[in-house]
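An overview of the molecular structure
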Amino acid sequence: MNKDRPNAPRNGVNTRLSHPPYDPHSTHGFVNPPVVRGSTVLFESTEKMRRRSELPFTYGLRGTPTTKALEDALSELEGAADTILVPSGLAAISIPLLAFLGAGDHCLVVDSVYSPTRTFCNGTLTRMGVEVEYFDPHIGAGIAELMRPHTKVVFLEAPGSNTFEMMDVAAVAAAARKGGAVTMLDNTWATPLFFRPLEHGVDLSIHALTKYPGGHSDLMMGSVSAHEATARELRKTQMQIGVNAAPDDCSLVLRGLKTMGVRLERHMASAMAIAEWLEGRDDVSAVMHPALPSFAEHELWKKQFSGASGLFSFVLPVGFREASAFLDALTLIGLGYSWGGHESLAVIVDLSDRTIATGPETGTLIRLQVGLEDVEDLKADLELGFAAMAEAGLPS
Ligand SMILES: *Cc1c(COP(=O)(O)O)cnc(C)c1O
């Protein structure tokens, strides 16, 4: 941390994004860290080699000055002691689960979790001999009743993937901690700008940096930020598995972070405008957006989060065929997975793997990622979809 530069937590978040902990004077004053690629790090002597645990860089897998600059930037944003980087958001979920679970352990997972998290839990974790149990996102302090002596991890996501259920994070985290479990929260939707899980009693904050931090749909990466107490175990497992993020991609995420605050302001405003517009339509049966006052857990969102990003869902009062006609008619909004980039995207959501948070009883759920385009153009594109849906719904 450069003591001469204004990067204290007292500063506003855009100031902090503009002035990350990296010290330009450590590299001749260049504003951004160089892309340092490398495997071998040379030591000055056998003595230095023997005492390498005291050195910041010892081998490429452990990181380079570029990866370290991103780790430090994320730790500062999350209020964490350390952050590890991994090659995808999904690896930022699997690695901490592997770090804190073993055969015979019990793991509680919120039912509205990102679907590939569930696939990992039901696949690899179950095969390892971990007992996985899903719980209602509205459980709150009631999680205490599900805690068992061998419950080692409670895995959260807030809001829930695709259906956006809000939970009382502090209540769940407190009960989990009392029961001796490590809590992890997938914080991808909010980013550390709108929610800082470690301040609510959560042990690990997980991000798909692929989304808003990257921000341009041109890379994949994940991160896990931790307090001192859990950081060491996390780092140990990362090194045992042998993954880190590529320095070139880290440099792109460092670039993305500089504009994340202003991008999110725009994502938030545009998504709200479109959510309100959709809510007023007769051909939309529901809008699931935590910042809408009509949303069931709106108050829980307001109490805990300082903003909403650009991803939400809405329900079309039609079947799969008409909803497909809606999506196929869009010209600007792309059909594609992932989100958090500059461009708008839509997908039909499949909730068939859920057991508790099963979503709307009728209609077809559409997830919309509102990008940085002009709102009027996005509305005009959605109008094309509504027209095509109406046409597909007409009796032939
Ligand atoms: C996309 C996503 C991930 C996974 O990120 P990838 O980089 O695509 O592997 C994890 N969690 C949530 C909530 C996501 O939306």
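Since the model is a prediction, treat every value here as computed from it, not as a measurement.

What counts, and where the lines are drawn
- Residues numbered from 1 in each chain as written.
- Predicted model: local features only at pLDDT ≥ 70, side-chain atom pairs only at ≥ 80, totals over all residues.
- Heavy atoms only, no water.
- Helix = DSSP H or I, 4+ residues; strand = E, 2+ residues; numbered from the N terminus.
- Rg over C-alpha atoms; globule rule 2.2 N^0.38 Å.
- Buried < 20%, exposed > 50% of the residue type's maximum accessible area, 1.4 Å probe, protein only.
- Contact = heavy atoms within 4.5 Å.
- Areas by Shrake-Rupley, 256 points an atom, 1.4 Å probe, with all protein chains shown as cover.
- Domains from an automatic or database assignment.
- Buried area = accessible area lost by both parts, 1.4 Å probe.
- Salt bridge = Lys/Arg side-chain N within 4 Å of Asp/Glu carboxyl O.
- Near = heavy atom within 4 Å.
- Polar contact = N/O pair within 3.5 Å; in protein donor to acceptor, adjacent residues only side chain to side chain.
- Nonpolar A, V, L, I, M, F, W, Y, C, P; charged D, E, K, R; others polar.
- pLDDT = per-residue confidence, 0-100.
- Phe/Tyr/Trp six-rings, centres within 6.5 Å; stacked < 30°, edge-to-face > 60°.
- Lys NZ or Arg CZ within 6 Å of the ring centre and 35° of its normal.
- Pairing = 2+ DSSP bridges.
- Axes fitted to C-alpha atoms, helices over the stretch in contact; angles between N-to-C directions.
- Lys, Arg positive; Asp, Glu negative; His and termini not counted.
- Core = buried A, V, L, I, M, F, W, Y, C linked by side-chain atoms within 4.5 Å.

Things to note about the overall build of the protein
In terms of regular secondary structure, the protein is built from twelve helices and twelve strands. Relative to the compact-globule value of 21 Å for 396 residues, the protein shows a C-alpha radius of gyration of 22 Å, a close match. In terms of overall dimensions, the protein has C-alpha extents of about 80 × 50 × 35 Å along its principal axes. The 396 residues of the protein split such that 54% are buried. Partitioning the intrachain contacts of the protein with sequence separation of at least 6 by distance along the chain shows that 72% fall at a separation of at least 24. Within the structure as shown, the protein displays about 17200 Å² of accessible surface, and the carbon and sulfur contribution to it stands at 54%.

Observations regarding the domain arrangement of the protein
Interfaces are often sized by the amount of accessible area the parts lose when they come together. For the protein, the assigned domains read domain 1 (13-255) and domain 2 (259-392). If you average the C-alpha positions of domain 1 and of domain 2, the two centres end up 27 Å apart. The contact between domain 1 and domain 2 buries some 3500 Å² in all, and 59% of this surface belongs to carbon and sulfur atoms. Counting the surface domain 1 buries against domain 2, the share from its top three residues, Trp189, Phe194 and Tyr212, is 25%. One can count two salt bridges joining domain 1 with domain 2. Sorting elements by how many residues they give to the side of domain 1 that touches domain 2 places helix 7 (residues 191-194) first, with three residues.

Thoughts on the site of the ligand
Looking at the ligand, there are 14 residues lining it, with Gly89, Leu90, Asp186, Thr210 and Lys211 nearest. At 2.6 Å from a nitrogen atom of the ligand is found a side-chain nitrogen or oxygen belonging to Asp186. Here the ligand, which alone exposes 380 Å², has 92% of that area covered by the protein. Broken down by class, the residue content of the shell around the ligand amounts to six nonpolar, five polar and three charged.

With respect to the confidence of the model for the protein
Summary statistics for the protein give a mean pLDDT of 95 and a share of 97% for residues scoring 70 or more. Segment residues 1-6 is flagged for pLDDT under 50; beyond a separation of four residues in sequence, or across chains, it makes eleven contacts in the model.

Observations regarding the packing of aromatic side chains
Scanning the entire structure with this criterion turns up seven aromatic pairs. In textbook terms, an aromatic cluster arises when at least three aromatic residues are bridged by ring pairs, as seen for Phe164, Trp189, Phe195 and Phe305. A cation sits over an aromatic face here: Arg118 above Tyr134, 4.2 Å from the ring centre. Over the face of the ring belonging to Phe386 we find Arg281, whose NZ or CZ atom lies 3.8 Å from the ring centre.

A word on the sheet that holds strand 4 (residues 151-157)
Across the sheet, seven strands lie side by side as 1-7-6-5-4-2-3; this open sheet has mixed pairing. In this open sheet, the two strands that pair with only one neighbour each are strand 1 (82-86) and strand 3 (131-135). Strand-to-strand twist across the sheet, computed as the mean angle between neighbouring axes with direction ignored, equals 20°. Contacts between helix 6 (residues 169-178) and the sheet are confined to strand 4 and strand 5 (182-186), with strand 4 contributing the most and set at about 170° to the helix. On top of the sheet, helix 8 (residues 228-241) reaches strand 1, strand 5, strand 6 (204-208) and strand 7 (222-226); it is set at about 25° to strand 1, its chief contact.

Quick word on the side chain of Arg367
For Arg367, the position within the fold is in strand 12 (residues 364-369). Put simply, Arg367 is tucked away with no salt bridge, and the nearest opposite charge, on Glu157, sits 8.2 Å away. At 3.3 Å, the side chain of Arg367 forms a polar contact with the side chain of Asn162. Setting aside chain neighbours within four positions, we find Arg367 in contact with Asn162, Leu311, Phe312, Ser313, Ser338, Trp339, Leu345, Ala346, Val347 and Val349.

Details of the nonpolar core
Residues Leu70, Leu97, Val154, Phe312 and Phe314 are the most contacted members of the largest nonpolar core, which totals 111 residues. For this core, the leading source of residues is helix 9 (residues 247-279), giving twelve residues. When residues of this core are assigned to domains, at least three map to each of domain 1 (13-255) and domain 2 (259-392). Beyond its immediate chain neighbours, meaning those up to four positions away, Phe312 contacts Phe164, Ala271, Ile274, Ala275, Leu278, Val287, Met288, His289, Ile366, Arg367, Leu368 and Val370.

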